[in-house]
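Letter by letter, the chains look like this.
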Amino acid sequence: MTVRVEREITVPAPPDRVWEFIADPDRRAEPLSVIDEWEVHDDGSATWYLSLPIPVIDSRIAIETRDQERRAPEYVRFTGTSRVMHVQGEHELEPDGEGGTRLTNRFVVEGRLPGVERFFKRNFDRELDALDAALRSDIESQS
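Residues numbered from 1 in each chain as written. Predicted model: local features only at pLDDT ≥ 70, side-chain atom pairs only at ≥ 80, totals over all residues. Heavy atoms only, no water.

Asks: How would you summarise the pairing of strand β6 (residues 85-95) if you had to cite specific residues and measurements?
Replies: Looking at chain direction, strand β5 (residues 75-81) and β6 are connected through seven bridges and run antiparallel. Bridge pairing in β6 links Val76 to His91. The loop that links β5 with its antiparallel partner β6 comprises three residues. (Pairing = 2+ DSSP bridges. Helix = DSSP H or I, 4+ residues; strand = E, 2+ residues; numbered from the N terminus.)

Encoded structure:
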């Protein structure tokens, strides 16, 4: 089973400013509750460590992530692979015509073990809310 989620938000900041947040792996990972810890590597890739409350999974999972396509300040697509799932994420930024940015977030999770998709289907909205709140807070703090 595959879980697909898409959410569009409008942020009161220009695309260059939103890109600063989206392109930074630390800022992008920090608000997500499923990520316990992460490491950013010299080559730009990152390892996310997740602890998922899924019965079949009783240990922490390392997901190796890497940007596959990057066009600053308008688009980034990344993939992540682990023994239990494959993740693809996209962030697309467009000017909204009023000085702000329309940010479209798309995620696809393909689970390799039972329960992974169900977990993400139930929790994706909360994780996207956290990402949205962190982005807005970051923008407000730099205004």
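Further notes follow.
Asks: Please provide a residue-by-residue account of helix α3 (residues 116-141), values included.
Replies: Because each turn of an α-helix spans 3.6 residues, side chains separated by three or four positions end up pointing in the same direction. Helix length check: α3 (26 residues) gives 35 Å between terminal C-alpha atoms against 38 Å at 1.5 Å per residue, within 8%. Its axis deflected by about 50 degrees at Asn123, α3 carries its strongest bend there. (Expected span 1.5 Å × (residues − 1). Bend = angle between axes of the 7 residues up to and from the residue.)

Asks: Lay out the nonpolar core in plain terms, naming residues and giving numbers.
Replies: Among the nonpolar cores identified, the biggest contains 39 residues, and Val18, Trp48, Leu50, Leu52, Met85, Phe120 and Leu135 are the most heavily contacted of them. Breaking this core down by element, the ones donating at least two residues are β1 (2-11), α1 (15-22), β3 (46-50), β4 (61-71), β5, β6, β7 (101-111) and α3. (Core = buried A, V, L, I, M, F, W, Y, C linked by side-chain atoms within 4.5 Å. Buried < 20%, exposed > 50% of the residue type's maximum accessible area, 1.4 Å probe, protein only.)

Asks: Tell me about the side chain of Arg17, and please be specific about residues and values.
Replies: Structurally, the position occupied by Arg17 is in helix α1. Beyond its immediate chain neighbours, meaning those up to four positions away, Arg17 contacts Arg27, Asp138, Ile139 and Gln142. (Contact = heavy atoms within 4.5 Å.)

Asks: Quick rundown of the pattern of salt bridges? Include the residues and the values.
Replies: This model, assessed by the stated rule, comprises 18 salt bridges. With a closest N to O distance of 3.3 Å, Glu6 and Arg106 form a salt bridge. Placement of the pair is Glu6 in strand β1 and Arg106 in strand β7, with a sequence separation of 100 residues. Owing to a relative accessible area of 23%, Arg106 belongs among the partly exposed residues under this scheme. Put simply, Glu94 and Arg102 hold a salt bridge, and the shortest N to O gap is 3.7 Å. The class for Glu94 is partly exposed, based on a relative accessible area of 31%. Connected through salt bridges with shared partners, the residues Arg17, Glu20, Asp24, Arg27 and Asp138 form a single ionic network. (Salt bridge = Lys/Arg side-chain N within 4 Å of Asp/Glu carboxyl O.)

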